[in-house]
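Chain by chain, the residues:
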Amino acid sequence: MINMKKRTAIKPSQSILIRVTAVILAFITSSLFIALMGHNPLSVYSSMFDGAFGTHYRIIETLKVAIPIILASIGIMIAFKMKFWNIGGEGQILMGAFMATFFALQFDHLPKPLLLFFMFIGGFVGGGLWALIPAYFKEKYDTNETIITLMLNYIALKWITYLQYGPWKDPAAKGFPKIANFSDQAILPKLFDLHIGWIITLAIVIIISAMMKYSKWGYYITVIGESRDTARYSGINIKKTVISAVFISGGICGLVGFIQASAVEQTLSVGLSAGYGFTAIITTWLSALIPMIIIPASILFAALVKGGSFIQTAFQIPNSAAEVLQSMILFFVIGSEFFAKYTLAWHKKERSIK
Amino acid sequence: MKKVLAMLLIATLVLTMFAGCEKKEEEKTEDMTVGFIYVGPIGDGGWTYAHNEGRLYLEEQLGVKTLYKESVPETQEVETEIRNLIDQGAKVIFATSFGYMDFVEKVSKDFPEVTFFHCSGYKTTDNMANYFGRIYEARYLSGIVAGLKTESNKIGYVAAFPIPEVIRGIDAFTLGAQSVNPDVEVEVVWTYTWYDPASEKEAAVALLDGGADVIAQHQDTAGPQQAAEEKGAFSIGYNTDMKDMAPKAYMTAPIWNWGPYYVEQVQKVMNGEFESHAYWGGMNENTVQLAALTDLAPEGAQAAIDAAKASILDGSFHVFQGPLYNQAGELVVAEGETLTDGEMLELNWFVQGVVGNIE
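Residues numbered from 1 in each chain as written. Chains lettered and ligands numbered in written order. Predicted model: local features only at pLDDT ≥ 70, side-chain atom pairs only at ≥ 80, totals over all residues.

### Looking at the overall build of chain B
Definition in use: In this text, helices come from DSSP runs of H or I with a minimum length of four residues, and strands from runs of E with a minimum of two, each type numbered from the N-terminal end. Atoms considered for the radius of gyration are the C-alpha atoms alone. The globule rule reads 2.2 Å times the number of residues to the power 0.38. With C-beta atoms placed from the backbone, a residue is buried if 20 or more other C-beta atoms are within 10 Å of its own, exposed if 12 or fewer are, and partly exposed between those counts. This entry defines residue contacts through backbone-placed C-beta atoms, with two residues in contact when those atoms are within 7 Å.
Across its full length, chain B carries 11 helices and 16 strands. Scaling as 2.2 N^0.38, a compact globule of 359 residues should have a C-alpha radius of gyration of about 21 Å, and chain B matches this with 23 Å. Burial status across chain B gives 52% buried among its 359 residues. Intrachain contacts of chain B at a sequence separation of at least 6 include 65% that bridge at least 24 residues.

### Describing the overall build of chain A
When you go through chain A residue by residue, the secondary structure sums to 13 helices and 4 strands. For chain A, whose C-alpha radius of gyration is 22 Å, the value lies close to the compact-globule estimate of 20 Å for 354 residues. Projected onto its principal axes, the C-alpha coordinates of chain A cover approximately 85 × 60 × 40 Å. Residues classed as buried in chain A amount to 44% of the 354 residues present. Restricting to contacts in chain A with at least 6 residues of sequence separation, those with at least 24 account for 77%.

### A few points about the interface of chain A and chain B
This is how it is decided: Three classes are used: nonpolar for Ala, Val, Leu, Ile, Met, Phe, Trp, Tyr, Cys and Pro, charged for Asp, Glu, Lys and Arg, and polar for all others, with Gly counted as polar.
On the side of chain B, 33 residues touch chain A, which itself brings 27 residues to the contact. Contributions of two or more residues to the side of chain A that touches chain B are made by helix H1 (12-36), helix H2 (41-53), helix H3 (56-81), helix H10 (238-265) and helix H12 (291-315) of chain A. Considered class by class, the residues forming the side of chain A that touches chain B number 13 nonpolar, 10 polar and 4 charged.

### Overview of the sheet that holds strand S3 (residues 92-95) of chain B
Residue and element names in this part refer to chain B. To keep things clear, this is the line we draw: Here a strand pair is declared whenever DSSP counts at least two bridges between the two strands. Only the stretch in contact is used when a helix axis is fitted, and all axes are lines through C-alpha atoms; the angle between N-to-C directions ranges over 0 to 180 degrees.
Taken together, 6 strands build an open sheet; the order of strands is S2-S1-S3-S4-S5-S12 and the sheet is parallel. Looking at strand neighbours, the two that pair on one side only are strand S2 (65-69) and strand S12 (278-281), the edges of this open sheet. The mean angle between the axes of side-by-side strands here comes to 20°, regardless of whether they run parallel or antiparallel. Inspection of the sheet shows S3 paired to strand S4 (residues 115-119) by 4 bridges, in the parallel sense. Opposite Ala95, over in S4, you have His118 as the bridge partner.

Read these as geometric descriptors, not functional statements.
The structure is reproduced here in structure tokens:
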């Protein structure tokens, strides 16, 4: 039989070995799957890489997917550091997009920089307030934030659906339920072929990592995450810290909504969040809550998405099969986390011979 | 245990290498590549399936290389996917859902050397044509079948979005049913989705519970057909022959035949003869048809259909010819008048006998 033991400490070399093994296993298993579909695994993999990074255009496209993942991961990371399980990134993205869209649609007569600034603030506040609800209930009534943040996703989704099919429906669309496209005023400009969401994202990654590392606030967050009792004993105002941190966590997710609405969708739609709020949970975990690792982890994830989409057309692999590949790779990589924390011992069991 | 694992690994590796050697990717040498984007999966058995049949026909007839992308939502994703297809060599793009329209229009301006075809919309540019079919003609015929079949005089209609394309179909269907059964009512439920088997089925169940005994649909899946079968009612499909999906309910369906148009247009692009246009092929062009009736179709249906079909084909009858009344009973199209193509493309009112609201 197999026994499971918790590892006390893990050497960096071991940790790397486990992860590398996981990736290799993932590719081997996926190879089998690809071979079953009648394709050459090696050429599929190389074409996945080619699809994600092969040309300048493809690199830009991959980064476009990476930006929301990075930013949402940073937001979620702050909450996770306090062991506040914010599963509500998706809803916060949507509410941020909603507020940004409100400004984009109502104030499109403002000069572009001013309008974008309002949309930025709107996005931040929208996402932040949405995250404050579970934070308030948790601190006041000790409710379970995992459930509440998760459920708030669906409320946000239905709210956007209501707007898209109801009051914000574009009358010019002849009955088709879509919200009007933004005017040029409300669209983020580009720098080096990529919308400047990448600059916002980089700036936020740097600011947040500095704050987590060097500020008192960041230190409080770490202490609360390690032990609430210690935090209380050392006189940290837990309520204030948690609420402000969750507001910023949700606010950063809200900024994802602003960037996606302004630069990518150029309108608001129910499909806007595209699962980034959930994807970010995975990338946040994979990066062990370290801001600087979030960037490469998210880019790799985006490459997996883009590469998967590329092979669909290149090899005529059905959509769902490409998704199976992505999930398989994820499954192994996340599964390896288990082996980083636990070790298995093989017991020889006495066999009863008939 | 470890040995077993090791063996398994080796076996896997060997197998994959072997498979790799065995099959080489077939490279087509033709320099024409055509890209398709679909709103649902090919396996939907409906709308996307019908377009994919057209794509396969195109490959077979012209030997061109085709690329496709399934399940592309009607969001910014459209633009990304079109750019990806162009990046992968596509010179012609067929975008097959209404909600793709604005994105196709936008991309068409960025790629003047690529030719775009958008299905079911109303916008065109120099290098973007718009195509659709007069499916309302076939819907009128299917209405005749439903009108003869119903005993409760209540027909349920599961519909996607309140846009002109769908409204036109509902009106034509209702007029067809009324032509053989003046007391018939057609009740409409909106699902606000093209592809969602579960909610389409649910909508049909609601209509059946409300007393309908025949179900028609403007949806991409056979969900409503299955609901009808489970409730012991009858059904009119859409897009493709849905006989196999609900053999105990399905009577017929207005169906699409895109292949010939795809071949004709791609040939034109290859010859450099493409001109932007708005194509609207009907039964005369064979773009739309009524699928063969099954044994469940009512007696006399075939004769009634044949007569109506003949009069549509020879132009002596038009589905939207007056007198036509709206839901409030007001005369909208006077006797002797007929809706123009432009008016039909913008149609936004229900004829008398339809139960339901637009919006």
